[in-house]
Amino acid sequence: MPVMSKLVGAAALLAFTATNAHATTYFKDDFAKGMTKWKASTWKENDGTKGEFTVTAGDFFGDEKINTGIKTGPDARFFATYADFDKPFTNEGKDLVFQFSAKNEQGIDCGGGYFKLLPKSSEMKDFSGDTPYSIMFGPDICGATKRVHAIFTYKGKNLLKKVDVPCETDKHTHVYTLHVKPDNTYDILVDGESKASGNLEDDWEFLKPKTIKDPDATKPDDWDERAQIPDESDVKPEGWDDIPAEIPDPEAEQPEDWDEEDDGTWEAPMIPNPEYKGEWKQKMIDNPDYKGVWVAPDIDNPEYEADDKLYLYKDLAYVATEIWQVKAGTVFDNIIVTDDIKEADKFRQDTYGATIEAEKEALKEIEDKKREEDEAKAKEAEEERKKLEAEEEDEEEEDEEDEEDDTKEVKDEL
């Protein structure tokens, strides 16, 4: 190998090693040890609506060990649990990557599937939807709403993304990844594929707008907003106003029993005049002085304050979920919080990537078996229906024969 090639190769290896050496994972759980990292919130304990998490791979899976996670149940319950980071995370100058998988094997119709990152200052014993959080991320489905939530807390306000990101709605496992970068940009990925990316300031209302309409501006007196104007050269045709709107019905006839002494002079009823053209108006032409609809000019917003650290969250210390599900049965798994997108991507590939095809086959087998069973039940029901119809027909024939025999006996007696 040439010396230069060796040097380039060595430099690349050192760069890769340095990059990975500085990567830190602040939380990671594949639930191989169950829920040992997690604590239950006391929220909803007293009113009987608190649900539970069960450690399981679910009703179908690609690899039971790899796919073991936590499953919600029973139906129509609130679910809340939380876990501590290995150490608090302040992402100043670093990427923030938050990733987990969700499998809605129950065919969810209404329920959340999101997780939250919370600061060290949050009180977690009674963790609920009212507990202050920093970031909320993940799928949310209810009726026509099917979106990936990405909510950031900024100066005490929870900011929803301006444009929704659609979430997956089938029964398979899907991996949701939020990547926030120190240059105030972001990326939302589903199963490793980018679904939305851009600038935080553009896609959330973190800040006041940079410009506003000038409140002191007024429309100039000579500003013409009329797109069209009457054609002054257009003249009303002679006789236009002489044509009446209604005329006597020429086909009407005086009733035979009409008595002019009693009923008065008969007059034909009036009908719309087919030759009447309505009120005359000058035709419209394009206005040569048209300037468009007047809009106040933009000016710099005096309330706008730039912030190059929209991405920054200090002392993140907990990962948690608090959700309501009408139809429970979601399996959550493989949760990671790190400052390295490569680390999260490798975790996704080693789990979801290694098992998703086998999982799809497992679900297909279940659905095929159910379809065969349903078809067999339908066939059995149809055969039973035909059998009952045949028995009824036989009974009707016997009744008819009996009636005929009775009639014959009566005739013979007579």
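Above this text sits the structure in question.
Quantities reported herein were computed from a predicted structural model and do not represent experimental measurements.

About the criteria used
- Residues numbered from 1 in each chain as written.
- Predicted model: local features only at pLDDT ≥ 70, side-chain atom pairs only at ≥ 80, totals over all residues.
- Heavy atoms only, no water.
- Helix = DSSP H or I, 4+ residues; strand = E, 2+ residues; numbered from the N terminus.
- Buried < 20%, exposed > 50% of the residue type's maximum accessible area, 1.4 Å probe, protein only.
- Contact = heavy atoms within 4.5 Å.
- Areas by Shrake-Rupley, 256 points an atom, 1.4 Å probe, with all protein chains shown as cover.
- Lys, Arg positive; Asp, Glu negative; His and termini not counted.
- Charge placed at Lys NZ, Arg CZ, Asp CG, Glu CD.
- Phe/Tyr/Trp six-rings, centres within 6.5 Å; stacked < 30°, edge-to-face > 60°.
- Lys NZ or Arg CZ within 6 Å of the ring centre and 35° of its normal.
- 1 Å grid on protein atoms, 1.4 Å probe; cavity = no way out; pocket = protein on both sides within 12 Å on 5 of 7 lines; lining within 4 Å.
- Points joined across faces, edges and corners; volume = space filled by probe spheres on them.
- Nonpolar A, V, L, I, M, F, W, Y, C, P; charged D, E, K, R; others polar.
- Core = buried A, V, L, I, M, F, W, Y, C linked by side-chain atoms within 4.5 Å.

What follows concerns the overall build of the protein chain. Helix and strand counts for the protein chain come out as 4 helices and 22 strands. Taken across its 414 residues, the protein chain has 36% of its residues classed as buried. In the protein chain, once contacts between residues fewer than 6 apart in sequence are set aside, the share between residues at least 24 apart is 74%. Carbon and sulfur atoms make up 48% of the accessible area of the protein chain, which totals about 25,600 Å². Positive and negative side-chain charges in the protein chain, numbering 53 and 106 respectively, have mean positions lying 17 Å apart.

On to the environment of Lys125. If you trace the backbone, Lys125 turns up in the loop between β8 (115-119) and β9 (135-142). Along the sequence, Lys125 and Val319 sit 194 residues apart, while their C-alpha atoms lie 13 Å from each other. Discounting residues that sit within four places of it in the chain, Lys125 has contacts with Ser41, Thr42 and Tyr82.

With that settled, consider the packing of aromatic side chains. Scanning the entire structure with this criterion turns up 21 aromatic pairs. Seen from their ring centres, Tyr82 and Tyr318 are 6.4 Å apart, and the 85 degrees between their planes marks the pair as edge-to-face. Of this pair, Tyr82 sits in strand β5 (residues 77-89) while Tyr318 sits in strand β21 (residues 316-325), placing them 236 residues apart in sequence. Here Tyr82 matches Tyr318 in class, with each residue buried. Ring geometry for Phe100 versus Tyr176: centroids 6.3 Å apart, planes at 35 degrees, classification tilted. Note that Phe100 is positioned in strand β6 (residues 96-104) and Tyr176 in strand β12 (residues 173-180), a separation of 76 residues in sequence. With respect to burial, Phe100 and Tyr176 carry one shared label: buried. Here the aromatic residues Phe27, Phe31, Trp38, Phe85, Phe98, Phe100, Phe115, Phe137, Tyr176 and Phe332 are joined through ring pairs into a cluster of three or more. Sitting above the plane of the Phe27 ring, Lys37 keeps its charged end 5.2 Å from the centroid.

Right, let's talk about empty space enclosed by the protein for a bit. By rolling a water-sized probe across the atoms, one finds the places where empty space is left. A complete count under the given rule lists 4 cavities of 30 Å³ or more for this structure. The space that makes up the largest cavity amounts to roughly 80 Å³. As for the largest cavity, its lining consists of Asn67, Ser101, Lys103, Thr173, Val175, Val331, Phe332, Asp333, Asn334, Thr351 and Tyr352. If you list the elements that add at least two residues to the lining of the largest cavity, you get β6, β12, β22 (330-338) and α4 (341-413). If you tally residues by element for the lining of the largest cavity, the top one is β22, at 4 residues. For the lining of the largest cavity, the class distribution of residues is 4 nonpolar, 5 polar and 2 charged. Of the pockets and cavities examined, the second largest cavity occupies roughly 60 Å³. Lining of the second largest cavity is provided by Arg147, Val148, His149, Ala150, Ile151, Leu160, Lys161, Val163, Asp164 and Val165. When the residues that make up the lining of the second largest cavity are grouped by side-chain class, the tally is 6 nonpolar, 1 polar and 3 charged.

With that out of the way, let us pick up the nonpolar core. Counting 61 residues, the largest nonpolar core has Phe98, Phe137, Phe206 and Val319 as its most contacted members. Residue contacts for Phe98: discarding those within four places in its chain leaves Phe115, Lys116, Leu117, Phe137, Tyr176, Thr177, Leu178, Val319, Ile335, Ile336 and Val337.

This next bit is on the layout of surface pockets. When its volume is computed, the largest pocket comes out at roughly 220 Å³. As for the largest pocket, its lining consists of Tyr154, Lys155, Lys157, Leu159, Glu205, Phe206, Leu207, Lys208, Glu303, Tyr304 and Glu305. A breakdown of the residues in the lining of the largest pocket according to their chemical character gives 5 nonpolar, no polar and 6 charged. In this model, the second largest pocket occupies a volume close to 170 Å³. Taken together, Tyr133, Ser134, Thr153, Tyr154, Lys155, Gly156, Lys309, Leu310, Leu312 and Tyr313 form the lining of the second largest pocket. Its residues placed into classes, the lining of the second largest pocket shows 5 nonpolar, 3 polar and 2 charged.

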